[in-house]
Amino acid sequence: MASLNKFLWLQRSLIRARLYYYNRIWGMSLHPTVRMSMTAKFDRTYPRGMHIGEKTYVAFGAAILTHDMTRGMYVDTVIGRHCFIGAKSLIMPGVRIGDESIVAAGAVVTKDVPPRCIVAGNPAQIVRRDIEVGPYGRFRSVDAPKPVVADAGEQALRHG
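Residues numbered from 1 in each chain as written. Predicted model: local features only at pLDDT ≥ 70, side-chain atom pairs only at ≥ 80, totals over all residues. Heavy atoms only, no water.

*Asks:* Would you mind going over the pairing of strand β16 (residues 125-129) with me for this structure?
*Replies:* Looking along a regular strand, one sees the side chains alternate between the two faces of the sheet. Little of β16 sits inside the fold, with zero of its five residues counted as buried. Hairpin remark: strand β15 (residues 117-120) followed by β16, antiparallel, with four residues in the connecting loop; positive phi at Gly121, about 100°. (Buried < 20%, exposed > 50% of the residue type's maximum accessible area, 1.4 Å probe, protein only. Helix = DSSP H or I, 4+ residues; strand = E, 2+ residues; numbered from the N terminus. Pairing = 2+ DSSP bridges.)

*Asks:* What am I meant to see in the sheet that holds strand β3 (residues 41-42) here?
*Replies:* In any sheet, the strands associate via hydrogen bonds between backbone groups, in a parallel or an antiparallel arrangement. Pairing is parallel across the open sheet formed by four strands, whose spatial order is β3-β6-β11-β14. In this open sheet, the two edge strands, each paired with only one partner strand, are β3 and β14 (108-109). Of the pairings in the sheet, the one linking strand β11 (residues 90-91) to β14 comprises two bridges and is parallel in character. Bridge pairing in β14 links Leu90 to Val108.

*Asks:* Please explain the sheet that holds β16 as it appears in this structure.
*Replies:* Pairing is mixed in the open sheet, where six strands are placed in the order β2-β5-β10-β13-β15-β16. Of all strands in the sheet, those bounded by a partner on one side alone are β2 (35-36) and β16. Here strand β13 (residues 102-103) runs beside β15; their pairing, made up of two bridges, is parallel. Paired with Ile102 across the strands is Ile118, a residue of β15.

*Asks:* What exactly am I supposed to notice about the pairing of β15 here?
*Replies:* The pairing of β15 with β16 spans four bridges and is classified as antiparallel. Across the sheet, residue Cys117 finds its bridge partner in β16, namely Arg129.

*Asks:* Before we go on, may I ask you to explain unusual backbone geometry in this structure?
*Replies:* Of all residues except glycine, most have a negative phi; of all peptide bonds, most are trans. Omega for the peptide link from Asn122 to Pro123 comes to -5°, which places this bond in the cis form. Tracing the backbone through its elements, the reader meets Pro123 in the loop between β15 and β16. A positive phi angle, close to 50°, is found at Lys55, a residue other than glycine.

*Asks:* When you look at the pattern of salt bridges in this model, what are you seeing that I'm missing?
*Replies:* Where charged atoms of side chains with opposite charge meet at close range, the side chains can pair. Considering all chains together, one arrives at five salt bridges under this definition. Taking the shortest distance from any N to any O, the salt bridge between Asp68 and Arg71 comes out at 2.7 Å. Overall, the relative accessible area of 15% leaves Asp68 in the buried class. Given the relative accessible area of 56%, Arg71 is considered exposed. The residue Asp99 makes a salt bridge to Arg81 at a minimum N-O spacing of 3.8 Å. In this pair, Asp99 sits in the loop between β12 (96-97) and β13 while Arg81 sits in the loop between β9 (77-79) and β10 (84-85), placing the two residues 18 residues apart along the sequence. On the basis of relative accessibility, which here comes to 31%, the residue Arg81 falls in the partly exposed class. (Salt bridge = Lys/Arg side-chain N within 4 Å of Asp/Glu carboxyl O.)

Below you can see the structure in the form of structure tokens.
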């Protein structure tokens, strides 16, 4: 069966082009290592208010706002480094998400998120603190080396 992994070069090229477009044309502040889905939405009404830190991932359908038309607000929305913004989540204007935090899928973030926390729900609330994540909000335990376990047949041969 064919795999879409052979097109990763194309996806990465499109993301680099999108980062260039947002940073140079719209004046956003997105770190060059940010990864985002092609369907992630960034507010272009006040683009200079968009700030995303290094090695952060924004999943599909997530929307990050920097303005509120009803209140006449045009404020900075800041997402720290090594964060994960889940699918279909909504980050409201003026919110600051601390480094190494995770926003769960579908969360509506209306208040600041402290560093190293997981938030979920509508409105988003902290569900876990003091988490340890690496780049792109991946849990460190996922990337830790796994012990090598010998095959059962191999063990039988060794022990006779």
